[in-house]
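Descriptive structure summary
Residue-level listing of the chains:
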Amino acid sequence: MEGITKLPVGEQVEQFLLIKQATKGVTTVGKPFMSLILQDKSGDIEAKLWDTNEEHENMYKAETIVRVGGEIHDYRGKNQLRIKQIRVARPEEGIQVSDLVPSSAIPKEQLMEELTQFFFEIKNPNISRITRHLIKKHQPSLLVHPAATKNHHDYVSGLLDHVVSMLRLGKAIAELYPSLNTDLLYAGIILHDIGKVVELTGPIATTYTIEGNLLGHITIMVNEIGQAATELNIEGEEVMLLQHLVLSHHGKEEWGSPKKPMIQEAEILHYIDNIDAKMNMLKRALDKTKPGEFTERLFPLDNRSFYKPTI
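Below you will find a few notes about this structure. Computed from a predicted model, the values in this text were never measured in an experiment.

Quick look at the sheet that holds strand β3 (residues 43–50)
Read around the closed barrel, the five strands follow the order β1-β2-β3-β5-β4; overall the barrel is mixed. Taking the axes of each pair of neighbouring strands and ignoring which way they run, one obtains an average angle of 50° across the sheet. Sheet topology places strand β1 (residues 12–26) next to strand β2 (residues 32–40); eight bridges connect them, and they run antiparallel. Paired with I19 across the strands is L38, a residue of β2.

Okay, here's the thing in structure tokens:
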């Protein structure tokens, strides 16, 4: 069966899906409805449930597996699922949450092995010890966490996938620009998003934790670097530089960075992060687009549609 994100407009749907997110709303005439984000291994799609009541809200919560009948239609340049029938899956139907959750194409053990190789490239003992300490502390979560709730790397092991992809890119760039301090660059790449294991709830029906909402992954990680340095009795400029790399990796204040990059490794880290996130979004959008057609509008990419060439 084709994945839900691969189906064209007009296609009939009759399959099991996982509710990734459920939010209630009210129409302009005061009628209650629910917005559902439904997913399978291929990704997710939005759907609306009209004329809902409290019973529906209790029944169709996030993390619930449902059997949905309906049709794919186009809503403002994006595919949506028009629901005709929906019910909660029955235990005897044997569908597991793991059957419906997207995950990294490369096994997490292989990704972790590749990340670990970069520890041997970090020669500065202070940077190496802090980085290893924090990865060891968060490894169980890092193996499965997504990198976001939506848009990029929002799947099981997505965070690890993102970090390893960025390390490959960082290595290639460092070969072109030998003035870059690879100890700082690799450690910055490894640590920049690890705060997301505290910021986000986990790979299933991902939402923000209380710390995620009140502090955010940047502040969480800056605190953790300081704490690790204290626990390991490390002092020196390295601690401050690692904190700066994390603080500035979004690049601009309006994009959520408390500081703009002020060392060259921080500037490059911001570009690498941006390239990898955007390429992940583009790959996924183009994967579900036929050659000679345009992708759906991609909100994080200025709401542009991208053409998939036939050559």
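After that view of the structure, there is still more to cover.
Concerning the side chain of Q243
Position of Q243 among the secondary structure elements: in helix α9 (residues 237–248). Among the polar contacts listed, one links the side chain of Q243 to the backbone oxygen of V222, at a separation of 3.1 Å. Setting aside its immediate chain neighbours within four residues, Q243 contacts V222, I225 and G226.

Here we look at the packing of aromatic side chains
A full pass over the atoms with the stated rule returns three aromatic pairs. Arranged with centres 5.0 Å apart and planes meeting at 85°, the rings of F118 and Y186 form a pair that is edge-to-face. Note that F118 is positioned in helix α2 (residues 108–119) and Y186 in helix α5 (residues 182–191), a separation of 68 residues in sequence. Since its relative accessible area comes to 7%, F118 is described here as buried. Residue classification places Y186 among the buried residues on the basis of a relative accessible area of 3%. Between F294 and Y307, the aromatic rings sit 5.2 Å apart at their centres with planes inclined by 55°, giving tilted as the arrangement. Of this pair, F294 sits in the segment after α10 (264–287) while Y307 is found in the segment after α10, placing the two residues 13 residues apart along the sequence. Judged by its relative accessible area of 54%, F294 falls in the exposed class. Its guanidinium or amino end placed over the ring of F16, R67 lies 4.7 Å from that ring's centre, counting from NZ or CZ. Against the face of F120 rests R132, its NZ or CZ located 5.6 Å from the ring centre.

Section: the packing of α9 against α10
At a minimum axis separation of 9 Å, α9 and α10 run at an interaxial angle of 35°. Remark: the crossing between α9 and α10 carries right-handed chirality. Only E265, A266 and L269 of α10 make contact with α9, whose side of the interface consists of H244, L245 and S248. Broken down by class, the residue content of the contact of α9 with α10 amounts to three nonpolar, two polar and one charged.

Observations concerning the pattern of salt bridges
If you walk through the whole model with that rule in mind, you get 18 salt bridges. Here E46 ties to K48 by a salt bridge, and the two come within 2.6 Å at their closest N and O atoms. The exposure class of K48 is buried, given its relative accessible area of 18%. Put simply, K20, D44, D154 and R284 are held in one network by salt bridges that share partners.

As for the nonpolar core
Ranked by internal contacts, the top residues of the largest apolar core, which has 48 residues, are L115, I130, I190 and I225. Every element with two or more residues in this core is listed here: α2, α3 (125–142), α4 (158–176), α5, α8 (216–231), α9 and α10. Not counting chain neighbours up to four residues away, the residues in contact with I225 comprise I130, L134, L191, V239, L242, Q243 and V246.

Examining the pairing of β1
Inspection of the sheet shows β1 paired to strand β4 (residues 65–75) by seven bridges, in the antiparallel sense. Bridge assignment links L18 to a residue of β4, and that residue is I65. The antiparallel pairing of β1 with β2 creates a hairpin that spans five residues between the two strands, and G30 there sits at a positive phi of about 85°.

A word on a nonpolar patch on the surface
Together, I210, L214 and L215 line one region of the surface with nonpolar side chains, adding up to about 350 Å² of accessible area. Position of L215 among the secondary structure elements: in the loop between α7 (210–214) and α8.

Focus: the packing of α8 against α9
It is the contact of α8 with α9, at a shortest axis distance of 9 Å, that shows an interaxial angle of 170°. Between α8 and α9, the angle is such that the two are roughly antiparallel. Read as a crossing pair, α8 and α9 show a hand that is right-handed. Here I218, M221, V222, I225, G226 and A229 of α8 lie close against α9, whose contacting residues are V239, L242, Q243, V246 and L247. For the contact of α8 with α9, the class distribution of residues is nine nonpolar, two polar and no charged.

Some thoughts on the environment of L7
In this structure, L7 sits in the segment before β1. Contacts of L7, omitting those with residues within four sequence positions, involve E2, V13, Q15, I72 and N79.

Scoring rules and cut-offs
- Residues numbered from 1 in each chain as written.
- Predicted model: local features only at pLDDT ≥ 70, side-chain atom pairs only at ≥ 80, totals over all residues.
- Heavy atoms only, no water.
- Pairing = 2+ DSSP bridges.
- Helix = DSSP H or I, 4+ residues; strand = E, 2+ residues; numbered from the N terminus.
- Axes fitted to C-alpha atoms, helices over the stretch in contact; angles between N-to-C directions.
- Polar contact = N/O pair within 3.5 Å; in protein donor to acceptor, adjacent residues only side chain to side chain.
- Contact = heavy atoms within 4.5 Å.
- Phe/Tyr/Trp six-rings, centres within 6.5 Å; stacked < 30°, edge-to-face > 60°.
- Buried < 20%, exposed > 50% of the residue type's maximum accessible area, 1.4 Å probe, protein only.
- Lys NZ or Arg CZ within 6 Å of the ring centre and 35° of its normal.
- Left-handed = near helix turned anticlockwise from the far one by under 90°.
- Nonpolar A, V, L, I, M, F, W, Y, C, P; charged D, E, K, R; others polar.
- Salt bridge = Lys/Arg side-chain N within 4 Å of Asp/Glu carboxyl O.
- Core = buried A, V, L, I, M, F, W, Y, C linked by side-chain atoms within 4.5 Å.
- Patch = residues over 30% accessible without salt bridge, like charges linked within 9 Å, V, L, I, M, F, W, Y side chains within 5 Å.
- Areas by Shrake-Rupley, 256 points an atom, 1.4 Å probe, with all protein chains shown as cover.
- Parallel < 35°, antiparallel > 145°, perpendicular 65-115°, else oblique.

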